[in-house]
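Here are the chains, one letter per residue:
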Amino acid sequence: MIAGNRTINYLRISVTDRCNFRCRYCVPASPFTVIEHEKIARYEEILRITRLGCELGITKVRITGGEPFVRKGIFSFLEQLCRLDALQDISITTNGALLTREKIKALIQMGIRRLNFSLDTLDPVKFFAITGRDRYHRVWDSIMTAHDLGISPIKINAVALRGFNDDEICAIAGLTKKYPFHIRFIEYMPMGDSDIERQQQILTREIHARIEATLGPLIPMEREYNDGPAKKFKLSNARGVVGFITPISSHFCSECNRLRLTSRGTLRPCLLNDYEQDILSPLRAGASDHQLKSIIESTLTHKPLFHSLNDPKAKNIPISHMNSIGG
Ligand code: SAM
Ligand code: SF4
């Protein structure tokens, strides 16, 4: 599928808006309700939309949430997804808290070998402060187990926030000296009514400079097929990679190859723009494959050329929260 001059081959599927964590940069600051069960796309509905997406050129899928592993039946859904021949790449973004050795083995068995974990701090007390849950050791154990079982690459997403984890940037980047992890610092995206202040946002150039000042030069790396938007570097003698995802300081919209399917069954052409197209209602009303494919294609005509998150005065900044879109 084509959107402007961009080829869209990547579908990011949010299987649930529910999460066992309450990360302060992700969920709304004010009380919020979850989507009613019957309004959430059933697995067979997601599989049908994905299959049709594949017929239109989707080859990569990432499963996200909320937290994907809180949804019942997720493993048998993943197994069925793995049977879609057109999919060359299936990965999952998770907070890791519900992953056990047995579950990671099951993922490997079905052919899923790429996991992204989210971990913003190496301090259990701060972990509780940001996620609202006392699960630091659980998450770290999952990462270590995944490493032990040969999951590769293990990507670790860290949102850098001033006054919270900025004093740990070097320790987090330094994990790449010991482990072959891809640590990816993500610039905080202010969405909806998050209780993180804009001033807490730390841009990549500052993170980059802090790392170099303490750990030495970051050597730029060649881009590879599965890189996504991360700009990749290596510390000398490191086993892993330090990456930067720069939605704020240098947006990558012109290279964006993604379409999102929310757990409510809406297609969302841009993470940072609230335009969504309902595909679940027509599907439930009996739309044919041909009609559903037309909906997918027409959604992409709304894929914006750039986002306006950098501009606090812009009118089209998203009010949706990341927990309901999946990041
Ligand atoms: N629950 C899973 C997890 O935490 O990995 C998957 C969903 S979560 C929304 C996906 C990613 O979005 C996480 O890595 C998280 O750090 C990131 N994220 C959430 N809110 C964000 C924000 N406001 N700015 C930047 N990244 C954010
Ligand atoms: Fe949940 Fe992930 Fe959002 Fe944290 S970042 S609240 S783990 S969806």
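See the structure printed just above.
The shown structure was predicted, so the numbers you read here are calculated from the model rather than taken from an experiment.

(A) Quick peek at the overall build of the protein. The helix and strand tally for the protein stands at 10 helices and 14 strands. The C-alpha radius of gyration of the protein comes to 19 Å, within 12% of the 20 Å expected for a compact globule of 327 residues. With the C-alpha coordinates of the protein rotated into their principal frame, the extents come out at 60 × 50 × 40 Å. Counting over 327 residues, the protein shows a buried share of 57%. For the protein, long-range pairs separated by at least 24 residues make up 75% of all intrachain contacts whose partners lie at least 6 apart in sequence. Taken as a whole, the protein presents about 14300 Å² of accessible surface, with 53% of it coming from carbon and sulfur. Here the protein holds 45 positive side-chain charges and 35 negative ones, and the gap between their average locations is 2 Å.

(B) Representation of the side chain of glutamine 201 within the structure. For glutamine 201, the location among the structural elements is in the loop between strand E8 (182–186) and helix H7 (204–215). If near-sequence neighbours (up to four positions away) are discounted, glutamine 201 is found in contact with Arg162, Tyr188, Pro190 and Ile248.

(C) Expanded view of the site of ligand 1. Surveying the vicinity of ligand 1 reveals 18 residues, the closest of which are Tyr25, Gly66, Ser118, Asn157 and Met189. Separating a nitrogen atom of ligand 1 from a backbone N or O atom of tyrosine 25 is a distance of 2.9 Å. Measuring from a nitrogen atom of ligand 1, one finds a backbone N or O atom of methionine 189 at 2.9 Å. Alone, ligand 1 offers 550 Å² of accessible surface; in the complex the protein occludes 95% of this. Those elements that place two or more of their residues in the shell around ligand 1 are strand E5 (89–94) and strand E7 (154–159). For the shell around ligand 1, the class distribution of residues is 7 nonpolar, 9 polar and 2 charged.

(D) How the structure looks around the state of the cysteines. The full count for this structure, using the stated rule, is 0 disulfides. Cysteine cysteine 54 remains unbridged, with the sulfur of cysteine 82 as its closest cysteine sulfur at 12 Å.

(E) The arrangement of the site of ligand 2 in detail. Taken together, Cys19, Phe21, Cys23, Cys26, Val27, Gly66 and Asn95 form the complete shell of residues around ligand 2. Looking at side-chain class alone, the shell around ligand 2 contains 5 nonpolar, 2 polar and no charged residues.

(F) Structural view of the pattern of salt bridges. Enumeration according to the criterion identifies 21 salt bridges in this entry. In this structure, the salt-bridge partner of aspartate 274 is arginine 268, at a minimum N-O distance of 2.8 Å. You can call arginine 268 buried: its relative accessible area is 0%. Residues joined by salt bridges that share partners form a network here, namely Arg48, Arg51, Glu55, Asp289 and Lys293.

(G) Looking closely at the pairing of strand E4 (residues 60–64). Counting buried residues along E4, 5 of its 5 residues qualify, which places the element largely inside the surrounding structure. The side-chain alternation of E4 yields two buried faces, one formed by Lys60, Arg62 and Thr64 and the other by Val61 and Ile63. In this structure, strand E3 (residues 10–14) lies alongside E4, joined through 5 bridges in parallel fashion. Residue pairing in the sheet places tyrosine 10 in a bridge with lysine 60 of E4.

(H) Region of the structure containing the packing of aromatic side chains. Scanning the entire structure with this criterion turns up 8 aromatic pairs. Note on phenylalanine 127 and tyrosine 136: the rings are 5.9 Å apart at their centroids and 70 degrees apart in plane angle, and the pair reads as edge-to-face. Both residues of the pair, phenylalanine 127 and tyrosine 136, belong to the buried class. With a centroid separation of 6.0 Å and 75 degrees between ring planes, the pair formed by tryptophan 140 and tyrosine 179 is classed as edge-to-face. In this pair, tryptophan 140 is assigned in helix H5 (residues 136–148) and tyrosine 179 in the loop between helix H6 (169–178) and E8, connecting sequence segments 39 residues apart.

(I) Examining the packing of helix H2 (residues 74–82) against helix H3 (residues 101–110) more closely. Look at H2 against H3: their axes get within 10 Å of each other, and the N-to-C directions meet at 15 degrees. Relative to H3, the element H2 lies roughly parallel. Between H2 and H3 the crossing geometry is right-handed. Of the residues in H3, those touching H2 at Phe75, Leu78, Glu79 and Cys82 are Lys103, Ala106, Leu107 and Met110. Its residues assigned to classes, the contact of H2 with H3 shows 6 nonpolar, no polar and 2 charged.

(J) Geometry of H7. For H7, spanning 12 residues, the distance from its first C-alpha to its last is 16 Å, which sits close to the expected 16 Å at 1.5 Å a residue. Inspection of H7 places Thr204, Ile207, His208 and Ile211 among the buried residues, and these make up the whole buried set. Taken end-on, H7 shows its buried residues confined to a sector of 100 degrees, consistent with a single buried face. Facing away from the buried side of H7 by more than 90 degrees, the exposed set consists of Arg205, Ala213 and Thr214. Along its buried surface, H7 packs onto H6, E8, strand E9 (218–220), strand E10 (231–235) and strand E11 (241–245).

So, how was this worked out
- Numbers given to residues run from 1 along each chain, matching the order in which its sequence is written.
- Labels are handed out in written order, letters beginning with A for the chains and numbers beginning with 1 for the ligands.
- In view of the model being predicted, local features appear only for residues whose pLDDT reaches at least 70, and side-chain atom pairs are presented and counted only at 80 or more, with totals across whole chains, interfaces and linings using the full set of residues.
- Each side-chain value is derived from all of the structure's non-hydrogen atoms; neither hydrogens nor water enter the calculation.
- Helix and strand definitions here come from DSSP, where helices need a minimum of 4 consecutive H or I residues and strands a minimum of 2 consecutive E residues; each element is numbered from the N-terminal end.
- As a reference, a globule follows 2.2 Å times the number of residues to the power 0.38, and the radius of gyration itself is taken over C-alpha atoms.
- Only protein chains enter the calculation, and the probe is 1.4 Å; a residue is then buried if its accessible area is under 20% of its type maximum, exposed if over 50%, and partly exposed in between.
- Whether two residues touch is decided by their heavy atoms; if any such pair falls within 4.5 Å, the residues are in contact.
- Each accessible area is a Shrake-Rupley estimate made with a 1.4 Å probe; only the visible protein chains count as cover when residues are assessed.
- In this tally, Asp and Glu contribute negative charge and Lys and Arg positive charge; neither His nor the terminal groups of the chain are included.
- Each charge is placed at NZ for Lys, CZ for Arg, CG for Asp and CD for Glu.
- Any residue with a heavy atom positioned within 4 Å of a molecule or strand is treated as near that molecule or strand.
- Polar contact is the term for a pair of N or O atoms within 3.5 Å; when the atoms are in protein, one must be able to donate a hydrogen and the other to accept it, and sequence-neighboring residues count only if both atoms are side-chain atoms.
- Following the grouping adopted for this structure description, the nonpolar residues are Ala, Val, Leu, Ile, Met, Phe, Trp, Tyr, Cys and Pro, the charged ones are Asp, Glu, Lys and Arg, and the polar ones are all others, Gly among them.
- Whenever a pair of cysteine sulfur atoms sits within 2.5 Å, that pair is classed as a disulfide.
- Salt bridge, as used here: a side-chain nitrogen of Lys or Arg that lies within 4 Å of a carboxyl oxygen of Asp or Glu.
- At least two bridges found by DSSP between two strands is the condition for calling them paired.
- Between rings of Phe, Tyr and Trp, where Trp is taken as its six-membered ring, a pair exists when centres lie within 6.5 Å; planes separated by under 30 degrees are stacked, by over 60 edge-to-face, and by other angles tilted.
- Orientation is described by lines fitted to C-alpha atoms, with helices fitted over the stretch in contact, and by angles between N-to-C directions that extend from 0 to 180 degrees.
- Geometric relationships in this document are graded by angle, where less than 35 degrees denotes roughly parallel, more than 145 denotes roughly antiparallel, 65 to 115 denotes roughly perpendicular, and other angles denote oblique.
- The sense of a crossing depends on the near helix, which, turned anticlockwise from the far helix by less than a right angle, makes the crossing left-handed and, turned clockwise, makes it right-handed.
- Between the first and last residue of a helix there are one fewer steps than residues, each counted as 1.5 Å, and that sum is the expected span.
- The arc in question is the one traced by the directions running from the helix axis out to the C-beta atoms.

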